[in-house]
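Report on the structure
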Amino acid sequence: PLTPLTPTTPAWQLTLPTGKTTARISLGPPDARLPGPYRFAVLSDIQDAIEEFSDVVDRLNQDPEIRFVVSTGDLVENGDRNQLERFQQELEPLHCPYFSTVGNHELFAGQPKDWAELFGRASFHFEFKGVHFSLVDSASATVHPTVYAWLDDWLSTTDALHRVVLTHIPPLDPSGTRSGSFASRKEAAKLIKRLADRSVDLTFYGHVHSYYAFSNGGIPAYISGGGGAIPERLDGIGRHYLTVDVDPGQPTLTVSLIRVD
């Protein structure tokens, strides 16, 4: 415990070469750019189950192979700053980093600056061991035109071993029985075509509190909303997350369902 001490804050000073006005800085563990097998997890939709979230963290910590967790959002019930800070506290025992875009529940409090201050950007991209991850904000059942431009740039890299895209709301509902998809089917088709044209290997969605494995535009797709939010009735799924195994010697990524309950 650091209280009442003040935690150390890292800081960097960058000196640009003469004639340069911009620079690109990469931060990561020493092996971030070295090819090799590893595992990451996908976990979303905790919402009002924050009291029991420690069970999920304990289960994640039992797997030392997981390098980080990525999430499609709905971490809290209404996006209130106190809830976001509480979620950060619940993450402290987790043995690996946790990266997330926003879900629709994060918008309920109407304070996007709180998310930005505590968690950073809602749409962002990073690379780890040759796999490119693009997390896209679709919390309003649409994607902003600016984010589409970012996504085009993120997916334009030619050196990617695999391309993985995560966003909260599925463009199209695989069951077709609920309004768990984009507000516009035309936009949904536009996004799926974009992903297919740019050779995305895997897509992950949340929002629906269950587990579905399907295909969109020929791309393997998974809905995983098992972080603890009120589950879809009679589906027999319960709380869960996904693990994804990356092997540079294999052409595909291996996705596994991990049950917490």
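Provided above is the structure to which this section pertains.
Calculation notes
Residues numbered from 1 in each chain as written. Predicted model: local features only at pLDDT ≥ 70, side-chain atom pairs only at ≥ 80, totals over all residues. Heavy atoms only, no water. Core = buried A, V, L, I, M, F, W, Y, C linked by side-chain atoms within 4.5 Å. Buried < 20%, exposed > 50% of the residue type's maximum accessible area, 1.4 Å probe, protein only. Helix = DSSP H or I, 4+ residues; strand = E, 2+ residues; numbered from the N terminus. 1 Å grid on protein atoms, 1.4 Å probe; cavity = no way out; pocket = protein on both sides within 12 Å on 5 of 7 lines; lining within 4 Å. Points joined across faces, edges and corners; volume = space filled by probe spheres on them. Nonpolar A, V, L, I, M, F, W, Y, C, P; charged D, E, K, R; others polar. Expected span 1.5 Å × (residues − 1). Polar contact = N/O pair within 3.5 Å; in protein donor to acceptor, adjacent residues only side chain to side chain.

1. Things to note about the nonpolar core
Within the largest apolar cluster, 27 residues are counted, with the highest numbers of intra-cluster contacts made by F53, L60, V69, F87, Y98 and Y241. Elements that contribute at least two residues to this core include exactly α1 (53-61), β2 (66-71), α2 (81-91) and α3 (112-119). Broken down by element, this core gets its largest block of residues, four residues, from α1. Counting residues in each nonpolar core, the second largest holds 22 residues, with F68, F133, V164 and Y222 among its members.

2. Brief notes about the layout of surface pockets
The computed volume of the largest pocket comes to approximately 770 Å³. Contributing to the lining of the largest pocket are 24 residues, with S26, L27, H125, F126 and E127 lying nearest its centre. For the lining of the largest pocket, a count of residues per class yields 11 nonpolar, six polar and seven charged.

3. Looking at helix α5 (residues 185-197)
The end-to-end C-alpha separation of α5 is 18 Å, in line with the 18 Å expected for 13 residues at 1.5 Å each. The N-capping residue of α5, defined by a side-chain oxygen 3.2 Å from the backbone nitrogen of K186, is S184. Two residues or fewer after α5 comes S199, characterised by a positive phi angle close to 60°.

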